[in-house]
Amino acid sequence: MFVKQLADNQVRIGAPAKINLFLQVLNKRPDGYHNINSLFQAVSLFDRLTVTRTFEPGVRIKLLEDADLSTGPDNLIAKAYDLMAREFELKEGIDVELDKQIPVAAGLAGGSSDAAATLMACNILFSLGLGRTALAELGARLGSDLPFFFGNGQALVSGRGEILQESAFPTDYWLVLVNPGFPVSTPEGYARLKRGLTISSTIFTLGPCPTVEDFIDSLSLSGNDFEENLRRSFPVLSRIDEEIVRSGAALARMSGSGPTFFGIYTKMPDSEKLLSDRLDALRVYTVRPIVVPEQQQ
Ligand code: C5P
């Protein structure tokens, strides 16, 4: 995430979306979660949160864009503030202006990224002095995807999403994200997979990838375990996949539990308009993988 302090009592945070370059769901765990094996990559599609410390306790969320999103206590931003308020006995509150650009329930972890940004904002505005590891641990209590957003933007991810191994695979490529505009529930996606308690699949590993071409070749040997089921339920997803490949992508794949698809391009694509036209104005974004600079961590 990118943090800018605007005043003593105000910060602005760019909270990026993430994609899963590959995603295996390995097995169900006794705690009800699933163990995964995935490569997470942050991308340059951002929600922007302007967070202001207020004398009044509690959290108030204002949406700057129209979005199908609650601003009440079930919003992950509110849950993030509530967690910090409880843990650190905060007597004051926050106002959050949210410029929501990342599609909701889309497999891009927008809600988790916003919540991670809120934890960071509280850390700064209430001078809590927490490091990245402590913030990631707090984040894991709110959602499996959160700890990733305290890293450098790329990580091999295991456990239920909280075990991160930072990686340095190539990032010199472009991405087009295509979101069909309907939400998909993550818990339902996991339930539909009907995974047992034991791991039955081979755990995928990426070999060394000195060039982006090697990287894409290796990625093409993997997949996203949520994709097949969701394609069966929503035939439009196969159409999206075909159109992305037709537009020149070296690889097309679904992100997270869907339904957003991404295409990887080794040259700057000019397919955003083409795809919007051919797919009847679905939400289409051209983005880049991002690596968060050291001083921002
Ligand atoms: O961790 P988070 O709250 O984002 O997860 C939402 C739901 O998705 C969980 O309650 C669980 O049903 C499912 N999930 C899972 N395994 C994971 C992550 C999420 O089963 N690794």
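Here goes a summary of the coordinates provided. Every value quoted in this text rests on a predicted model; they were computed, and no experiment measured them. (Residues numbered from 1 in each chain as written. Predicted model: local features only at pLDDT ≥ 70, side-chain atom pairs only at ≥ 80, totals over all residues. Heavy atoms only, no water.)

Thoughts on the nonpolar core
Here is the rule we go by: Nonpolar cores are built from buried Ala, Val, Leu, Ile, Met, Phe, Trp, Tyr and Cys residues. Side-chain atoms within 4.5 Å join them into one set. For every residue, the accessible area obtained with a 1.4 Å probe (protein chains only) is divided by the maximum for its type, and the residue is called buried under 20%, exposed over 50%, and partly exposed between those limits. The helix and strand labels rest on DSSP assignments: H or I over at least four residues marks a helix, E over at least two residues marks a strand, and numbering proceeds from the N terminus. An automatic or database domain assignment supplies the residue ranges for each domain. In this description, contact between two residues means that some pair of their heavy atoms is separated by no more than 4.5 Å.
Core analysis: the biggest nonpolar cluster contains 65 residues, and Val178 and Ile244 have the highest contact counts within it. Here this core takes eight residues from helix H2 (residues 110–125), the largest share from any one element. Each of domain 1 (2–166) and domain 2 (174–287) accounts for three or more of the residues forming this core. Residue contacts for isoleucine 244: discarding those within four places in its chain leaves Val178, Ala249, Ala252, Phe261, Phe262, Gly263, Tyr265 and Leu275. In terms of nonpolar packing, the next biggest core, distinct from the first, is built from 26 residues, Leu39, Leu45, Tyr173 and Val287 among them.

Overview of the site of the ligand
Here is the rule: Put simply, a residue is near a molecule or strand once any heavy atom of it comes within 4 Å of that molecule or strand. Pairs of N or O atoms are called polar contacts if they sit within 3.5 Å, as long as, within protein, a hydrogen donor faces a hydrogen acceptor (for residues adjacent in sequence, only side-chain-to-side-chain pairs). Here the accessible surface of atoms and residues is derived via Shrake-Rupley with a 1.4 Å probe, and residues count as covered only by protein chains that are part of the display. In this analysis the probe radius is 1.4 Å and the grid spacing 1 Å, with only protein atoms considered; a cavity is a set of points the probe fits into but cannot get out of, a pocket is an open set with protein on both sides within 12 Å along at least five of seven lines, and lining residues have an atom within 4 Å of a point. Throughout, a molecule is located in a cavity or pocket provided that more than half of its atoms lie within 2 Å of its grid points.
Taken together, Gly32, Tyr33, His34, Gly143, Ser144, Arg160, Thr186, Pro187 and Tyr190 make up the full set of residues adjacent to the ligand. Within the contact set of the ligand, an oxygen atom lies 2.7 Å away from a side-chain nitrogen or oxygen of histidine 34. Within the side chain of serine 144, an N or O atom sits 2.6 Å from an oxygen atom of the ligand. Compared with its free state, where it exposes 450 Å², the ligand has 72% of that area covered by protein. When atom positions are compared with the pocket grids, the ligand is found to occupy the largest pocket. The greatest single-element share of the shell around the ligand, amounting to three residues, is contributed by helix H4 (residues 186–193). Each of two domains, domain 1 (2–166) and domain 2 (174–287), supplies a minimum of three residues to the shell around the ligand.

Considerations on the layout of surface pockets
Cut-off, in case you're wondering: Grid points are joined across faces, edges and corners, and a volume is the space filled by probe spheres set on the points. Amino acids outside the nonpolar list (Ala, Val, Leu, Ile, Met, Phe, Trp, Tyr, Cys, Pro) and the charged list (Asp, Glu, Lys, Arg) are all regarded as polar, and Gly is one of them.
Quantified by volume, the largest pocket comes out at close to 1,200 Å³. Forming the walls of the largest pocket are 44 residues, and the residues nearest its centre are Leu76, Ser112, Asp145, Thr186 and Pro187. Of all elements in the fold, only strand S2 (10–28), strand S3 (34–54), helix H1 (76–88), H2 and H4 reach the threshold of two or more residues within the lining of the largest pocket. Broken down by element, the residue count for the lining of the largest pocket peaks at four residues, all from H2. Class assignment of the residues belonging to the lining of the largest pocket gives a composition of 21 nonpolar, 16 polar and seven charged. Roughly 280 Å³ of volume is contained in the second largest pocket. Split into classes, the residues belonging to the lining of the second largest pocket amount to nine nonpolar, three polar and four charged.

Topic: empty space enclosed by the protein
Scanning the model with the defined rule gives two cavities of 30 Å³ or more in all. There is about 40 Å³ of room inside the largest cavity. Lining the largest cavity are Met1, Pro16, Ala42, Phe148, Phe149, Gly151, Asn152, Gly153 and Val292. Taken as a whole, the second largest cavity holds about 40 Å³ of empty space. Looking at the second largest cavity, the residues that line it are Gly189, Arg192, Phe226, Asn229, Leu230 and Ser257. Elements that contribute at least two residues to the lining of the second largest cavity include exactly H4 and helix H6 (227–233). Tallied by class, residues from the lining of the second largest cavity come to two nonpolar, three polar and one charged.

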